[in-house]
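Letter by letter, the chains look like this.
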Amino acid sequence: MNPLISAASVIAAGLAVGLASIGLGVGQGTVAGQAVEGIARQPKTKGKIRGVLQQMRYFAIDMKPTP
């Protein structure tokens, strides 16, 4: 295979993984921030909101690719 194509493929894969990680981090931060805001507005719903956050966290952990 052409070395230029191999190098470009590796760089493209690295950029794709990096951008996906940034998007995931921003999304998780937004969710956590909104959850804290919701708990601050409605303290009685703290248990329900935390339960949903934990379920989302466990779902995200289960979705990780295995080597």
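Residues numbered from 1 in each chain as written. Predicted model: local features only at pLDDT ≥ 70, side-chain atom pairs only at ≥ 80, totals over all residues. Heavy atoms only, no water.

In this structure, what is going on with the overall build of the protein chain? I would like to understand it.
Scanning the protein chain for helices and strands turns up 2 helices and 0 strands. Buried residues in the protein chain amount to 1% of all 67 residues. Total accessible area on the protein chain stands at roughly 5800 Å², and carbon and sulfur atoms take up 69% of it. (Helix = DSSP H or I, 4+ residues; strand = E, 2+ residues; numbered from the N terminus. Buried < 20%, exposed > 50% of the residue type's maximum accessible area, 1.4 Å probe, protein only. Areas by Shrake-Rupley, 256 points an atom, 1.4 Å probe, with all protein chains shown as cover.)

What is the right way to read the UniProt feature "domain: V-ATPase proteolipid subunit C-like" (unreviewed entry) in the protein chain from this model?
Residues annotated in UniProt with the feature "domain: V-ATPase proteolipid subunit C-like" (unreviewed entry) correspond here to residues 11–48. Helix makes up 89% of residues 11–48 and strand 0%, whereas the separation of the span's terminal C-alpha atoms amounts to 43 Å. (UniProt positions renumbered as here; feature names shortened; annotations may be inferred.)

Which parts of the structure should I look at to understand the UniProt feature "signal peptide" (unreviewed entry) in the protein chain?
Here the UniProt feature "signal peptide" (unreviewed entry) sits at residues 1–20. Between the C-alpha atoms that bound residues 1–20 the distance is 27 Å, and the span itself is 90% helix and 0% strand.

Can you walk me through helix 1 (residues 3–41) in this structure?
Three- or four-residue spacings in an α-helix give side chains the same orientation, since the helix completes a turn every 3.6 residues. The end-to-end C-alpha distance of helix 1, which contains 39 residues, comes to 57 Å, matching closely the 57 Å that a straight helix rising 1.5 Å per residue would cover. The N-cap of helix 1, judged by a side-chain oxygen 3.2 Å from the amide nitrogen of leucine 4 a few residues on, is asparagine 2. (Expected span 1.5 Å × (residues − 1). Polar contact = N/O pair within 3.5 Å; in protein donor to acceptor, adjacent residues only side chain to side chain.)

Help me understand the environment of glycine 38 in this model?
Inspection of the secondary structure assignment puts glycine 38 in helix 1. In this structure, the C-alpha to C-alpha distance between glycine 38 and isoleucine 49, residues 11 residues apart in sequence, is 8.0 Å. With residues up to four places along the chain from it excluded, the contact list for glycine 38 reads Thr45 and Ile49. (Contact = heavy atoms within 4.5 Å.)

In this structure, what is going on with the pattern of salt bridges? I would like to understand it.
In a structure, side chains of opposite charge can pair up when their charged atoms sit close to one another. Evaluation of the coordinates by the stated rule reveals 1 salt bridge. Ionic pairing is found between arginine 41 and glutamate 37, a salt bridge with its closest N-O pair at 2.9 Å. Linking arginine 41 with glutamate 37, this pair stays in helix 1, spanning 4 residues, or about one helical turn. Taking relative accessible area as the criterion, glutamate 37 reaches 34% and is therefore assigned partly exposed. (Salt bridge = Lys/Arg side-chain N within 4 Å of Asp/Glu carboxyl O.)

So what exactly am I meant to see when it comes to a nonpolar patch on the surface here?
A contiguous nonpolar surface patch, about 320 Å² in accessible area, is contributed by Leu19, Ile22 and Val26. Within the secondary structure, valine 26 is located in helix 1. (Patch = residues over 30% accessible without salt bridge, like charges linked within 9 Å, V, L, I, M, F, W, Y side chains within 5 Å.)

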